Amino acid sequence: MVIVDQRFFPEAKSVSVSKILDLGICLLHKGDPKFIVQNVGQIKEARPNMLIFAVRKELIASLELSKGYALITTSEIIKEFGKNILSGAGVIFISKNPKFAFAQICSLMFSSEANKSVIHPTAQIDESANIANDVSIGPFCYVAAGVTIGKGSVLGIGVCCKSSIMIGENCHIEDYVTIERAIIEDNVSIGQHTVIGKEGFGFEANEDDIQRFPHLGRVLIGKKSSIGANCCIDRGTLQDTIINELVLIDNLVHIAHNVEIGKKTIILAQVGIAGSSIIKENCIIGGQAGIADHTEIPSNTTILSRSGVTKSIETPGVYAGFPAKISTNFWREQVILRQLAKNNKKNRFK
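Residues numbered from 1 in each chain as written. Predicted model: local features only at pLDDT ≥ 70, side-chain atom pairs only at ≥ 80, totals over all residues. Heavy atoms only, no water.

Within the protein chain, the secondary structure is distributed over 4 helices and 39 strands. Over its C-alpha atoms, taken along the principal directions, the protein chain stretches across nearly 80 × 80 × 35 Å. Residue burial in the protein chain is summarised as follows: out of 350 residues, 40% are buried. Across the protein chain, every contact between residues at least 6 apart in sequence was considered, and the portion connecting residues at least 24 apart equals 21%. Charge centroids of the protein chain, computed over 37 positive and 34 negative side chains, lie 13 Å from each other. (Helix = DSSP H or I, 4+ residues; strand = E, 2+ residues; numbered from the N terminus. Buried < 20%, exposed > 50% of the residue type's maximum accessible area, 1.4 Å probe, protein only. Contact = heavy atoms within 4.5 Å. Lys, Arg positive; Asp, Glu negative; His and termini not counted. Charge placed at Lys NZ, Arg CZ, Asp CG, Glu CD.)

Take a look at the structure:
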């Protein structure tokens, strides 16, 4: 059984079923509202008073001998298994998205202690900075003139906040992040060693000379967005680079100047997005994909891993390959190419 290591994570806070129901993320199918959830775990580790979730039918069989657990699952799974295997559950919640509900309850049970507003004595803070009373600033941070940091925000070790940037409330800026020419809204997290707002790679050539193009824009990051570690988001040239709210960006992602990322888009690791591209809402960009400059990707589009988008996409869908095309067409072409190669190999040895 895997137990949460309390050297690294806070001890789970017990929570009642009634308090979980108050979150409005699930319905009670079975059990007492006074039932207490004490810990969380995987479905195969189900124990009394442990919260688990189930979205895959093939894992349900492991619950046959378990008793007294709290389960979050779908109505479909309950209809299929409720009368036998799930009889040992102390509590059963119904949710359209059990994994989402489980994550929200975990955030309640493993919430950090209230911020103690510690400003480390080695932090260098300009007297003109506007810092809320309950902000925590770690060792060797630099906060320049005109910076604003909202209440509840936390800066890790060695964070560099350049002149006049704005950080909203309850943001978590982890170690050695550098931020300049940026406005960050509430509840944003930024991972270690990420750089926000640096000048992008913009040049203009003329005969035997090259001139850097001015980067006079900003980076705007919307509420509840998450940016991973070792990312680089360039500020705009004559417009802003915009990351809208609820955007999730994995580690090792580069977003160039003037790019706009739509709400609830997910960008996986090692993606590169070239300048002035627009990715609309609810898109998924797979790992190591590349997006060429001045392209547009419509809402509800998925770009599969290692694909290359070389021109704007007009129709939402799933795209793959280089250059990226509708995935079914791409895989069909791959089958044909493999068959041609196989036939060619046979002909050579006749």
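Ordered by their spatial adjacency, 9 strands build an open sheet running E9-E12-E15-E18-E23-E26-E29-E32-E35, and the pairing between neighbours is parallel. For this open sheet the edge positions go to strand E9 (130-131) and strand E35 (296-297), each flanked by a neighbour on one side alone. In the sheet, strand E15 (residues 166-167) pairs with strand E18 (residues 182-184) via 2 bridges, with the strands oriented parallel. Bridge pairing in E18 links methionine 166 to isoleucine 183. (Pairing = 2+ DSSP bridges.)

Moving on, we get to the sheet that holds strand E19 (residues 189-190). One open sheet holds the 11 strands; their spatial order is E10-E13-E16-E19-E24-E27-E30-E33-E36-E38-E39, and the pairing between them is mixed. The two strands at the open ends of the sheet, each matched to only one other strand, are strand E10 (136-137) and strand E39 (325-326).

All told, the structure shown has 3 aromatic pairs when counted by the stated rule. With centroids separated by 4.8 Å and ring planes inclined at 50°, the aromatic side chains of phenylalanine 53 and phenylalanine 102 adopt a geometry described as tilted. Here phenylalanine 102 lies in helix H3 (residues 98-109) and phenylalanine 53 lies in strand E5 (residues 50-53), a separation of 49 residues in the sequence. A relative accessible area of 23% means that phenylalanine 53 is categorised as partly exposed. (Phe/Tyr/Trp six-rings, centres within 6.5 Å; stacked < 30°, edge-to-face > 60°.)

Here H3 contains 12 residues, and its C-alpha end-to-end distance of 16 Å stays within 8% of the 16 Å for a straight helix at 1.5 Å per residue. Pro98, Ala101, Phe102, Ile105, Cys106 and Met109 are the residues of H3 that are buried. Along H3, the residues classed as buried sweep out an arc of 140° about the axis, all on the same side. Among the structural elements, strand E1 (15-16), helix H1 (17-22), strand E3 (36-37), strand E4 (39-40), E5 and strand E6 (70-73) are those in contact with the buried residues of H3. (Expected span 1.5 Å × (residues − 1). Arc of directions from axis to C-beta.)

What follows concerns the pairing of strand E7 (residues 91-94). In this sheet, E7 lies alongside strand E2 (residues 27-30) in antiparallel orientation, the contact comprising 3 bridges. Across the sheet, leucine 27 pairs through a bridge with isoleucine 94, a residue of E7. Note that E6 and E7 share 4 bridges and pair parallel. Among the inter-strand pairings, threonine 73 is bridged to a residue of E7, identified as isoleucine 94.

Okay, the layout of surface pockets next. Of the volumes computed, that of the second largest pocket is approximately 170 Å³. In terms of lining, the second largest pocket is formed by Gly41, Gln42, Ile43, Phe53, Ala54, Val55, Arg56, Leu59, Lys99 and Phe102. Per-class residue counts for the lining of the second largest pocket are 6 nonpolar, 2 polar and 2 charged. (1 Å grid on protein atoms, 1.4 Å probe; cavity = no way out; pocket = protein on both sides within 12 Å on 5 of 7 lines; lining within 4 Å. Points joined across faces, edges and corners; volume = space filled by probe spheres on them. Nonpolar A, V, L, I, M, F, W, Y, C, P; charged D, E, K, R; others polar.)

What follows concerns the nonpolar core. In this structure, Ile179, Ile249 and Ile255 are the most contacted members of the largest nonpolar core, which totals 48 residues. Of all elements in the fold, only E18 and strand E23 (219-221) reach the threshold of two or more residues within this core. Among the nonpolar cores identified, the runner-up in size contains 20 residues, and Ile20, Ala70, Ile105 and Met109 belong to it. (Core = buried A, V, L, I, M, F, W, Y, C linked by side-chain atoms within 4.5 Å.)

This brings us to the side chain of threonine 301. Take threonine 301: it is sitting in the loop between E35 and strand E36 (302-303). Reaching out from threonine 301, the side chain makes a polar contact with the backbone oxygen of proline 298 at a distance of 2.9 Å. Ignoring sequence-local partners within four residues, the contact set of threonine 301 consists of Asn282, Cys283, Ile284, Pro316, Gly317 and Tyr319. (Polar contact = N/O pair within 3.5 Å; in protein donor to acceptor, adjacent residues only side chain to side chain.)

By the bridge criterion, 2 bridges tie E4 to E5 in an arrangement that is parallel. Residue pairing in the sheet places valine 40 in a bridge with leucine 51 of E5. Where E5 and E6 come together, 3 bridges link them in parallel fashion. Counted as the bridge partner of isoleucine 52 is leucine 71 from E6.

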